[in-house]
Amino acid sequence: GDGWDIDWVICYEKYPELASLVPTDVRRERLVLVEDLARAAHSNLLEILVWNHELHLPAGFTDLYPEIKGTEYPVCLSSEFLKQFIRDKYIEFFTAAPSIDGVVISVNESGQFSLVTDAGCKCDRCSKMKQHDRLLTVLNEVIAVTSKLKKQIILRTFQSASIHDLHGHPELEIIRKAYTGLPNHVQIMSKYCPLDFYGGQIADEPLIGVFPNSHLVEFSLDVEWQGRTFVPVLTPENFRRRVAHATEKKCSGIVARIDFPFPSMEPEPIFGHPNEFNAWYMGELLWNGRADIEESLLRWSQLRYGANATPEMALALRKTEAITQETFFALGQTLINYHNMLAGVSFCDNALWNHALSKWDPQKTKLSESFFRPDEDLIARTKREKQEAIELADEGLSQIHQARQKLSELDYQRLGYAFEKLKNTAELWDHLLELYLRHRQVAFSPVKPEWLEVAVSSPNKEPLEHLLAAAQAALRKAIEMEHRHGKESWPVVSPDRGVSTYEFVNQILRHYIGGVTGEVVGERVITRFADQILTAPVYQSDSTENLWRKLVECGRPAFEAGSVSEVSLRWPEELREININGFAFTLTSRNAHSLSFPLACPVQAISIATTSDTVLLIHKTARELWIGK
């Protein structure tokens, strides 16, 4: 699931059929643990609220209680039984853990339902509901329990904006209508910007301060979508501006997320990491909205690195806000990221709609539109932005080197490595973003859907040459980074959501490989949400594409010298010849169309021309790959 839900700890005392499916003893232990945690929080002058979802039902629920099944939807929101179940589970939870102070309800994230976007049950009663009524039908039950038991309740305004519209999204208005007229004890919480933590250049969340209820604003101190603790990311400018906005809107407080609970997605806690400054500065900022960034950074740096190293450390770390903003965003817009990782190409295509800055800032309409069919000027602007990030990281690295004698050896090594990683990541993102934009240039030209045939057969190969050069640069940089920063290390390889650099390059080039060989490039739908469709590649283990993939994988550090890998190849009817030499994987079709695809590691020259299926062996030496049969 996404987050925490009380469905995972209660024993369903009023629902014996459901209780028989869960380990009751384990759940009672969990409830005791929750109560102990709450008491410990109170003894430290803290309140504790649990994170929950607008509607989350245990596995097997609708099978045990078929009377709540909806028409063309898993549940009927008009069902009195469903409403009673929602009330009962909160009452049971608060009775078992009475020291818990309340709940935070995260709409749109249950993993089972999205009442903000789902079409819902089609029964006579549900069909009469508006979208915001569906959401309120569930929320009102939780609100009633918290009111009766004198517990706090906080409703988040989180939306998805998945609709293909560059000029707004209906989820915003659905939340606005649902939350208008809530009882006074209900609090509201919004992220500082729409949707997720999309950097410093996206507009403020439009719902902040709109309601008369107490309003909280969420921040990510580890800086989600901008690198987290994989690299130093100090973002005081963004914090100061967003807190000033929250203050202007009469918000009652800030929710500052300190850490993330999954180590694969956040390798270090912020305390002890340079991002610790984000917590330090946020603390100062909430006491004094005009807290000076430079003075605050100097105070923290002196305590962290010592008085002698403070000037250099403050100067170096201050640059990380601009470095990471310019690396992970494209002129302010999220384009090829999925959280702090590289997104799959299908996700990127949808992000052009879903993450468009123009949804919340009409002045950014031309920018958002330009990413669909990028021209040379747009690509040049994004490359200048990445170059600025590279230069800033270089300057930071120089300042670290200058302070070597003033730092402990451990701090010097860690900071030097971190700024080198920042520089390398900006270089890699430069190549990957250009590759994606070049692909949009070629693949989504006005000749669609015949773009592939035109691209491969056109005498003007310049657009494709730029695309393939960007792919080559990305592959080489990825190999270099794996050698320097470790096998399968971030950001070359995704530790969680997203894809690797190699997979991203493949997801683009596979279409062009198929354009020469005539092989079918398969995909399957993995997610359909509103009018957003995400697809995943379907690979054929004996295709020409797979031979290219194998050669790329064998060029990586994890495939060591002396290793041998076998790959089968079913010869495509439209392919005349494969020539592999150095970093070039050249395919020539029977109608004489030819394209050279990049490789990550040089290969000893070989030509393959056959009409029968074959098995090839890929050998790795210290310098190169060679292919035998």
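Our structure's up above, just so we're on the same page.
Described in the following lines is the structure provided in the data block. Note on numbering: residues in each chain are counted from 1, in written sequence order. The model is predicted, so local features are restricted to residues of pLDDT at least 70 and side-chain atom pairs to those at 80 or more, both for listing and for counting; the totals for chains, interfaces and linings are taken over all residues. Just so you know, side-chain values use all the structure's heavy atoms and leave hydrogens and water out.

**What about the overall build of the protein?**
- The secondary structure listing takes helices from DSSP runs of H or I that are at least 4 residues long and strands from runs of E that are at least 2 residues long, numbered from the N terminus. Along its length, the protein carries 20 helices and 15 strands.
- Each principal axis of the C-alpha atoms in the protein carries an extent, and together these give about 80 × 70 × 50 Å.
- For the protein, the proportion of its 629 residues judged to be buried stands at 57%.
- Residues count as neighbours in contact if any of their non-hydrogen atoms are within 4.5 Å of one another. Restricting the contact set of the protein to residue pairs at least 6 apart, pairs at least 24 apart contribute 72%.
- A total accessible area of about 26,400 Å² is found for the protein, and carbon and sulfur atoms account for 52% of it. Three exposure classes are used, based on accessible area relative to the maximum for each residue type with a 1.4 Å probe and protein chains only: buried under 20%, partly exposed in between, and exposed over 50%. Only the protein chains shown count as cover for residues, and all accessible areas are computed by the Shrake-Rupley method using a 1.4 Å probe.

**What about the environment of Y192?**
- By the element assignment, Y192 lies in the loop between strand 4 (186-191) and strand 5 (215-220).
- Between the alpha carbons of Y192 and D204 there is a distance of 5.8 Å; along the sequence they are twelve residues apart.
- With residues near it in sequence (within four places) discarded, Y192 still touches F197, Y198, G199, A203, D204, E205, I208, V217, E218, F219, N238 and R242.
- Under this definition, polar contacts are N or O atom pairs within 3.5 Å; protein pairs additionally need one hydrogen-donor-capable and one acceptor-capable atom, and for neighbouring residues in sequence, both atoms have to be side-chain atoms. Among the polar contacts made by the side chain of Y192, one reaches the side chain of N238 at a distance of 3.4 Å.

**Here we look at the pairing of strand 4**
- Along strand 4, six of the six residues are buried, which leaves the element largely enclosed by surrounding structure.
- Judged by which residues are buried, strand 4 turns out to be covered on both faces: V186, I188 and S190 on one side and Q187, M189 and K191 on the other are all buried.
- When DSSP finds two or more bridges between two strands, those strands count as paired. Bridge analysis of strand 3 (residues 152-156) against strand 4 gives four bridges, and the strand direction is parallel. Within strand 4, the residue paired with L155 across the bridge is I188.
- When the strands point away from the viewer, a crossover counts as right-handed if the path from the first strand over the helix to the second runs clockwise. Traced from strand 3 through helix 7 (residues 170-179) to strand 4, the parallel crossover comes out right-handed.

**A word on the pattern of salt bridges**
- Only one rule defines a salt bridge in this text: a Lys or Arg side-chain nitrogen within 4 Å of an Asp or Glu carboxyl oxygen. The tally for this structure, following the rule as stated, stands at 43 salt bridges.
- Linking R242 and D204 is a salt bridge whose minimum nitrogen-to-oxygen distance equals 3.0 Å. In this pair, R242 sits in helix 8 (residues 236-248) while D204 sits in the loop between strand 4 and strand 5, placing the two residues 38 residues apart along the sequence.
- E268 is paired through a salt bridge with R414; the nearest N and O atoms lie 2.6 Å apart.

**What to know about the pairing of strand 12 (residues 575-589)**
- With nine bridges joining them, strand 12 and strand 13 (residues 594-608) adopt antiparallel strand pairing. Note that in strand 13 the partner of N579 across the bridge is S607.
- Two successive antiparallel strands, strand 12 and strand 13, enclose a turn made up of four residues, where A592 displays a positive phi of approximately 75 degrees.

**Focus: the state of the cysteines**
- Note that a disulfide, as used here, is simply two cysteine sulfur atoms within 2.5 Å. Here the structure, examined in full by the defined rule, presents zero disulfides.
- In this model C126 remains outside any disulfide bridge; the closest cysteine sulfur is found in C123, 3.6 Å from its own.
- Here C601 is not disulfide-linked; the sulfur of C554 is the nearest cysteine sulfur, at 9.0 Å.
- With relative accessibility at 9%, the residue C601 sits in the buried group.

**Topic: unusual backbone geometry**
- In this chain, W490 is followed by P491 through a cis amide linkage whose omega measures 0 degrees.
- Within the secondary structure, P491 is located in the loop between helix 18 (462-485) and helix 19 (501-517).
- Phi is positive for A161, which is not a glycine, with a value near 55 degrees.
- Along the chain, A161 falls in the loop between strand 3 and helix 7.
- By relative accessible area, which is 0% here, A161 ends up buried.
- We note that E488 has phi near 55 degrees; this positive angle belongs to a residue other than glycine.
- Topologically, E488 is positioned in the loop between helix 18 and helix 19.

**What about the packing of helix 12 (residues 320-328) against helix 15 (residues 376-402)?**
- Here the axes come from fitting lines to C-alpha atoms, over the contacting stretch only for helices, and the angles between their N-to-C directions go from 0 to 180 degrees. At a closest axis distance of 8 Å, the pairing of helix 12 and helix 15 adopts a crossing angle of 150 degrees. Crossing of helix 12 against helix 15: the hand is left-handed. Contacts from A322, I323, E326 and T327 of helix 12 reach helix 15 at E385, K386, E388, A389, L392 and A393. Definitions for this section: a left-handed crossing has its near helix turned counterclockwise from the far helix by less than a right angle. A right-handed crossing has that turn clockwise.

**What about the sheet that holds strand 5?**
- Here six strands make up an open sheet; going across it, the order is 1-2-3-4-5-6 and the pairing parallel. The open sheet terminates on both sides in strands that have one partner only, identified here as strand 1 (49-53) and strand 6 (253-257). Each strand of the sheet is rotated relative to its neighbour by a mean of 25 degrees, with strand direction disregarded.
- Where strand 5 and strand 6 come together, five bridges link them in parallel fashion.

**Observations regarding the packing of aromatic side chains**
- A pair of Phe, Tyr and Trp rings is counted when the ring centres sit within 6.5 Å of each other, with Trp represented by its six-membered ring. The angle between the planes then sorts it: under 30 degrees is stacked, over 60 is edge-to-face, the rest tilted. A complete count under the given rule lists 23 aromatic pairs for this structure.
- With centroids separated by 4.5 Å and ring planes inclined at 15 degrees, the aromatic side chains of F230 and W490 adopt a geometry described as stacked. Here the residue F230 occupies a position in the loop between strand 5 and helix 8, and W490 occupies one in the loop between helix 18 and helix 19, the gap between them amounting to 260 residues.
- Arranged with centres 6.2 Å apart and planes meeting at 40 degrees, the rings of F328 and W490 form a pair that is tilted. Remark: W490 occurs in the loop between helix 18 and helix 19 and F328 occurs in helix 12; sequence separation between them is 162 residues. Grouping residues by exposure puts F328 and W490 together as buried.
- Cluster of aromatic residues (ring-pair linked, three or more members): Y12, Y15, F61, Y65, F81 and F85.
- A cation over a ring is seen here: R476 above F583, with NZ or CZ 3.7 Å from the ring centre.
- As a reminder, the over-ring test applies to NZ of lysine and CZ of arginine, requiring each to be within 6 Å of the ring centre and within 35 degrees of the ring normal. If you follow R549 out to its NZ or CZ, it ends over the ring of Y539, 3.8 Å from the centre.

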